[in-house]
Amino acid sequence: MSKPEPLTHDVIVVGAGLAGSWAAMIASQQGVKDVAVLSKIHPLRSHSGAAQGGIAAALGNTRPVPSTGAEGPLEQVPDGSEPSDSLESHIFDTIKGSDWLGDQDAIEIMINDAPRVIYEYEHLGCVFSRTPDGRVNQRRFGGHSAPRACFAADWTGHVLLHTIHEQALRHGVKFYSEWYCMDLIVEDNICRGVVALNILTGEIHTIRAKAVMFGTGGYGRAYKITSNAHANTGDGVAIAYNAGVPLMDMEFVQFHPTGLYKHGILMSEACRGEGGYLVNSQGERFMERYAKAKMELAPRDLVSRSEQQEINEGRGGEADRDAIYLDLRHLGREKILQRLPQVRELAIDFVGTDPIDKLVPIQPTAHYSMGGIPCDASGQVIADAQGTPVVGFYAAGECACISVHGANRLGTNSLLDASVFGRRAGFAIAEFVKGGAQLHPIAGDPAERNRQRVRSRMENPGKESIDKIADALKTTMTINCGVFRDGGKLQIALQDIQRLEERFAHAPIRDKSSRFNTDVLNALETEHLLSFSAVIVAGAIARTECRGAHWRTDHPARDDQNWLKHTLAQRQGEGEPPKLDYKPVNINYEKYPPQERKY
Amino acid sequence: MPDSHPLPTTATVRVQRFNPDNDKKPRIQEFKVPLTADTTILDALHYIKAELDGSLTFRRSCRHAICGSCAMNVNGRNMLVCKTPLTRELDQQARVTIKPLPYLPIIKDLVVDRSSFWEQYQRVKPWLIPPDNVPEKEFRVSPEEVEALHNAETCIMCGACYSACQVIAMTKEYIGPHALLKAFLRVLDPRDAAPGERLADLDGGDGVYRCHTIFNCIDACPKNLNPTQAIETLRKLAQKRQAYEVERAERQKTLTQPVK
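These numbers were taken from a predicted model, which means no experiment stands behind them. (Residues numbered from 1 in each chain as written. Chains lettered and ligands numbered in written order. Predicted model: local features only at pLDDT ≥ 70, side-chain atom pairs only at ≥ 80, totals over all residues. Heavy atoms only, no water.)

Caption draft 1: Seen up close, the overall build of chain B. In terms of helices and strands, chain B carries 11 helices and seven strands. Along the longest, intermediate and shortest principal axes, the C-alpha atoms of chain B span 65 × 40 × 35 Å. For chain B, the proportion of its 260 residues judged to be buried stands at 56%. When contacts within chain B are restricted to residue pairs at least 6 apart in sequence, those whose partners lie at least 24 apart make up 68%. (Helix = DSSP H or I, 4+ residues; strand = E, 2+ residues; numbered from the N terminus. Buried < 20%, exposed > 50% of the residue type's maximum accessible area, 1.4 Å probe, protein only. Contact = heavy atoms within 4.5 Å.)

Caption draft 2: The nonpolar core, seen in detail. Ranked by internal contacts, the top residues of the largest apolar core, which has 234 residues, are Leu38, Tyr121, Val194, Phe214, Ile373 and Phe393 of chain A. Ranked by residues supplied to this core, first place goes to helix H15 (residues 518–542) of chain A with 12 residues. Here this core gathers at least three residues from each of two domains, domain 1 (10–112) and domain 2 (115–252) of chain B. What Leu38 of chain A contacts, discounting residues up to four positions off in sequence, is Ile12, Val13, Val14, Gly15, Tyr176, Trp179, Cys181, Val194, Ala196 and Ile207 of chain A. Judged by nonpolar contacts, the second largest core, of 29 residues, contains Ala149, Leu260, Ile324 and Leu326 of chain A. (Core = buried A, V, L, I, M, F, W, Y, C linked by side-chain atoms within 4.5 Å. Domains from an automatic or database assignment.)

Caption draft 3: Spotlight on the domain arrangement of chain B. Residues and elements named next belong to chain B. For chain B, the domain assignment lists domain 1 (10–112) and domain 2 (115–252). Taking only C-alpha atoms, the centre of domain 1 and the centre of domain 2 are 31 Å apart. Each side of the interface is counted separately: domain 1 has 12 residues, and domain 2 has 16 residues. At the boundary of domain 1 with domain 2, total buried surface from both sides reaches about 1100 Å², with 57% on carbon and sulfur atoms. The largest per-residue losses of area from domain 1 upon contact with domain 2 belong to Asn78, Tyr103 and Leu104, which jointly make up 47% of the total buried on that side. Across the contact surface, domain 1 and domain 2 share six residue pairs in polar contact (both at pLDDT 80 or more). For the side of domain 1 that touches domain 2, a count of residues per class yields nine nonpolar, two polar and one charged. (Buried area = accessible area lost by both parts, 1.4 Å probe. Polar contact = N/O pair within 3.5 Å; in protein donor to acceptor, adjacent residues only side chain to side chain. Nonpolar A, V, L, I, M, F, W, Y, C, P; charged D, E, K, R; others polar.)

Caption draft 4: Structural view of the packing of aromatic side chains. Inspection of every chain in the model, using the stated rule, returns 12 aromatic pairs over all chains. Their ring planes at 80° and their centres at 4.9 Å tell us that Phe117 of chain B and Trp118 of chain B sit as a pair that is edge-to-face. A single burial state applies to Phe117 of chain B and to Trp118 of chain B, both of which are buried. Between Trp118 of chain B and Tyr121 of chain B, the ring centres sit 5.5 Å apart and the planes meet at 80°, which makes this aromatic pair edge-to-face. Here Tyr121 of chain B and Trp118 of chain B lie together in helix H3 (residues 115–123), a separation of three residues that amounts to about one turn. For Trp118 of chain B, a relative accessible area of 15% gives the class buried. Through a chain of ring-to-ring contacts, three or more aromatic side chains come together here, namely Phe117, Trp118, Tyr121 and Tyr162 of chain B. Lying across the ring of Tyr176 of chain A, Lys174 of chain A places its NZ or CZ 4.7 Å from the centre. (Phe/Tyr/Trp six-rings, centres within 6.5 Å; stacked < 30°, edge-to-face > 60°. Lys NZ or Arg CZ within 6 Å of the ring centre and 35° of its normal.)

Here it is as structure tokens:
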């Protein structure tokens, strides 16, 4: 491989989903001349586009028809009537949804920004579904006490992603499509650039920048059954960790209640928002036993646990007795075609079932990463529990942990998080760069180090298979670090990961060519999966309580006395477990003191 | 495969291989792949890469027909391989042939160079050009106006239509069905401030009149969209461009008022 000249930009954004595209667009719009985005897949292939059901904002455009009850139909709110929703209510729902692990200052910022962000999307061309009088339409979602999910049928993420990518193009952002970020260059707590692989040529470049922003997405691909795209291998999270940045709250992984059976492909929560039921093999709406008030629209952690309990107690369906059913039949053909066209197609294409007249088999599926790179509400990444900044390094979206979702995210708050904090990071980066930020010198040759990393694995004489190692990792994570956890199972997961790390040392890259080598990507991605999975498990072993999505059957209660705090995991030497540190949660004890969480 | 036959336990997947750095021309390589009723073509490609040949190269990401990465040519037709069951495409001998999207330069194996596709996409200015004055809240757009955009709004830019188009096969100067569909989205959107300029741009020799209405794009679209119809609409609007500009200017005056 040749040694190309280092590239230089004012700003490098890694990841072209909503967080990265917002940041790049805003930085550029604010006058930063040289903003470039790196993406390992074409920007429009980013996983933000797979989000279906909606994006939350307390616009108050719709409300339940008076006196029809919690499951009654919605109507547009007539002009001049009482507001049907409030920022306050959205804030409280999010805090309660987070099981009080969300930082309340950051949550307030996100929710106060939400209406502004929706209107900006709308002004920039996003094609939302509408109320009869032409406002953005809103539907119900789990854990929200008012209909506040703004939506575009069931392809909301798709229209948001296309809108923002196009506006970023309009503002002159440069895109490096199919470039894979391999490494982050941080010395003395100052970020100096990245190392990236041009997938087309196989060349590895150092790219210097005054500011680097990660919007690299989540880490659901550590699980066998997942709604996540193949691309969601948590690269940014692992790269930051390897560069010495701690990871926060990694043990909190959301399992979505309605993944298509055996596939894990998402059937939007909008199915239940529009009135769908969950039933077991006996046809019971079992949520009555677990969340009498909210039923199917309880938050995801609770619904997934309820499903798993039904399955564990023998009331699952299909041949392996491990499926639950989503029942949309009573919604009627017209509503399904109008509101849920994509999920209908998915059910037909992947499990051969038309939800118009049949039950759809589903199961919990790894969906969202609450944990990630610790940062503040401007996207500034922090290096420790004291909040020391990593100068010039920013993060937003699913790879980041601010933390607005705490122990469990509410549906429709992720598109909001990525948009609000991507946008805020864009403003912060513009201010930083225009305020005189410099390019900092880089010691040694990080690109060469990474070339060596690839070369040595190509020349590795070992006989292990990277695919089999990745598959074994996903299996143990699903079985031993899933919806229900206990100390024994988590120890098995830990040992499995250690053994897989040892095997990985003997796993070669089989494709020896330089051009568009997806076998190299597979190797690097698997390395990343192994490194952050060990952090998920370490955090889960230490946290001896139940909170949100982290459910320990051997410690079956929330323990605010000891565990109302964020985990920070710092990388130690090769093969050593991470060092765990903790950081207090930002709580406004007068307004939102911790309460028992009931639905 | 006819339904009456029992499902064979393996399928023969014939894949076109080509690395321009080493090979003079593309060749077909056969692989035996285990078959179950719900094996997708993407599953088969993953199996080959994991178990049989780690150098096989293809794009994929979401695996549920929303990211647009995995459009390929299967038995002569363009489709997304992630949502296509292998059994549906097998012949009597349980064989299937997978090639990259046609009429585009091959980067490696099943990966094509979509540069011309993206250049045309950018050429039509895919972004909305918002009006000068935006309201405090949202513009008011009727459900019917939104409905009219559905044909274009869900395009995933996979390139299946583009590489099925006989005009594109002859010339990459043609804007192409995908970019014209995007242009349709903007021209029809009551919020866009420049429908007249857009129509003038599409009216040229490489634009709407280049379409020969062969309908290949409709057959190829994995999202059941209809680029031909959108192109027809653009032609009609281009013919009455000035009247349409006036109509749209009138509509923009009421964009902040309730539609009902």
